[in-house]
Amino acid sequence: MFRKFTKEDIHSRSNIKSSQQRNLKAKWVRQFPALESVIDDIIPKKSQVILIKCEDKIQLYCVDNKVVAFQQFDDLIPSLEIVHKYPDCFPKVQVDRGAIKFVLSGANIMCPGLTSPGAQLPEENLEKGTIVTIYAEGKEHALAVGALEMSTDDIKSLNKNVGVELFHHLGDCLWNFSFD
């Protein structure tokens with residue numbers, strides 16, 4: 001999604017009202033209930049949230065010149081910076097060592113990379129479309145954020161095709177984005 005993102009992709013920047021800010025917080029907490037205790041740290045009450053509208057109907061939400069989340073249709077997707085600060089607030093999957101270079105180059109994650117030795121899927125079933133953070137075997141921090149293309153039970157049973165569609169990864173243009 002952000003492989004070739006540049007400042008030319010930005011259409012408009014605007015400050016959002018405090019009522020919209022409250023709605024944004026409420027929507028994010030509904031989507032990720034574990035964020036409830038830290039949502040005021042991510043988006044402080046007196047801070048100004050900036051909405052940046054970009055190509056392909058992508059919206060970036062920024063606080064203090066840092067992207068905290070983005071949205072392409074309905075789901076709010078956390079930036080990796082937020083995932084690194086609050087790792088326990090988001091569903092996790094883990095890929096094996098062989099998938100790391102592909103994830104860091106922006107490739108979608110195939111099911112075998114999620115089911116092989118060294119990889120981990122959560123015990124409870126996550127539905128198709130769930131936003132997940134992607135970790136790697138032997139690494140402490142998340143590599144990427146994506147959405148499940150099939151439920152985790154289907155990934156375990158079928159073990160072929162794309163398992164996770166990648167949205168944002170370490171080293172992509174959003175990771176390196178600055179407002180200057």
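Here, every reference points to the structure presented above.
Enquirer: What am I meant to see in the sheet that holds strand β1 (residues 10-15) here?
Expert: Note: strands within a sheet are paired through backbone hydrogen bonds, in either parallel or antiparallel orientation. One open sheet accounts for five strands, arranged β1-β2-β3-β4-β5; its pairing is antiparallel. In this open sheet, the two edge strands, each paired with only one partner strand, are β1 and β5 (76-78). Taken over all neighbouring pairs, the strand axes of this sheet differ in orientation by 25 degrees on average, direction set aside. Two elements, strand β2 (residues 49-54) and strand β3 (residues 59-63), share five bridges in a ladder whose sense is antiparallel. By the bridge assignment for β3, I50 is matched with C62. Across the sheet, helix α1 (residues 18-31) is in contact with β2, β3, β4 (66-71) and β5; its angle to β5 comes to roughly 75 degrees.

Enquirer: I would appreciate a short explanation of α1 in the present structure.
Expert: An α-helix turns once per 3.6 residues; consequently, residues spaced three or four apart project the same way. Under the 1.5 Å per step criterion, the end-to-end length of α1 is 20 Å for 14 residues, consistent within 8% with the ideal 20 Å. Those residues of α1 that sit buried are Q21, L24, K25, W28 and V29. The buried residues of α1 all sit within an arc of 130 degrees when viewed along its axis, so they share a single face. Pointing more than 90 degrees away from the buried face of α1 are the exposed residues R22, N23 and R30. In this structure, the buried residues of α1 make contact with α2 (39-42), β2, β3, β4, β5 and α3 (80-85).

Enquirer: Could you clarify how one ought to interpret the pattern of salt bridges in this entry?
Expert: Two side chains of opposite charge can pair, provided their charged atoms sit close to one another. Evaluated as defined, the whole model comprises two salt bridges. For D40, the salt bridge is made with K25, and the minimal N-O distance between the two is 2.8 Å. Within this pair, whereas D40 is found in helix α2, its partner K25 is found in helix α1, the two being separated by 15 residues in sequence. With relative accessibility at 38%, the residue D40 sits in the partly exposed group. A relative accessible area of 12% means that K25 is categorised as buried. Between K92 and D88 there is a salt bridge, with the nearest N and O atoms lying 3.3 Å from each other. Judged by relative accessible area, which is 35%, K92 ranks as partly exposed.

Enquirer: Can you help me understand the pairing of β3 in this one?
Expert: Remember that side chains alternate between the two faces of the sheet whenever the strand is regular. Across the five residues of β3, four count as buried, placing the element largely inside the fold. Counting the residues in the hairpin turn of β2 and β3 gives four residues, including D56, whose phi is positive at 55 degrees. Relative to β4, β3 runs antiparallel, the two being bridged by five bridges. Along β4, the bridge assignment pairs Y61 with A69. If you look at the hairpin formed by β3 and β4, you'll find two residues sitting between the two strands, and D64 has a positive phi there, around 55 degrees.

Enquirer: Looking at this structure, I do not really get the nonpolar core. What am I missing?
Expert: Looking at soluble globular proteins, one finds that nonpolar side chains tend to be buried together. Grouped together as the largest cluster of nonpolar side chains are 41 residues, with contacts concentrated most on W28, L35, I42 and L60. When residues in this core are grouped by element, the largest group, five residues, is from β2. Residues in contact with L35, not counting those within four places in the same chain, are W28, V29, I42, C89 and F90.

Enquirer: Help me understand the side chain of T152 in this model?
Expert: Relative to the elements of secondary structure, T152 occurs in helix α6 (residues 152-158). Taking the relative accessible area as the measure of exposure, T152 reaches 0% and is therefore buried. In terms of polar contacts, T152 uses its side chain to reach the backbone amide nitrogen of L126, at 3.0 Å. Not counting the four nearest positions on each side in its chain, T152 is found in contact with L121, P122, E124, N125 and L126.

What counts, and at which threshold
Residues numbered from 1 in each chain as written. Predicted model: local features only at pLDDT ≥ 70, side-chain atom pairs only at ≥ 80, totals over all residues. Heavy atoms only, no water. Pairing = 2+ DSSP bridges. Helix = DSSP H or I, 4+ residues; strand = E, 2+ residues; numbered from the N terminus. Axes fitted to C-alpha atoms, helices over the stretch in contact; angles between N-to-C directions. Contact = heavy atoms within 4.5 Å. Expected span 1.5 Å × (residues − 1). Buried < 20%, exposed > 50% of the residue type's maximum accessible area, 1.4 Å probe, protein only. Arc of directions from axis to C-beta. Salt bridge = Lys/Arg side-chain N within 4 Å of Asp/Glu carboxyl O. Core = buried A, V, L, I, M, F, W, Y, C linked by side-chain atoms within 4.5 Å. Polar contact = N/O pair within 3.5 Å; in protein donor to acceptor, adjacent residues only side chain to side chain.

Keep in mind that these numbers describe shape and distance, not what the molecule does.
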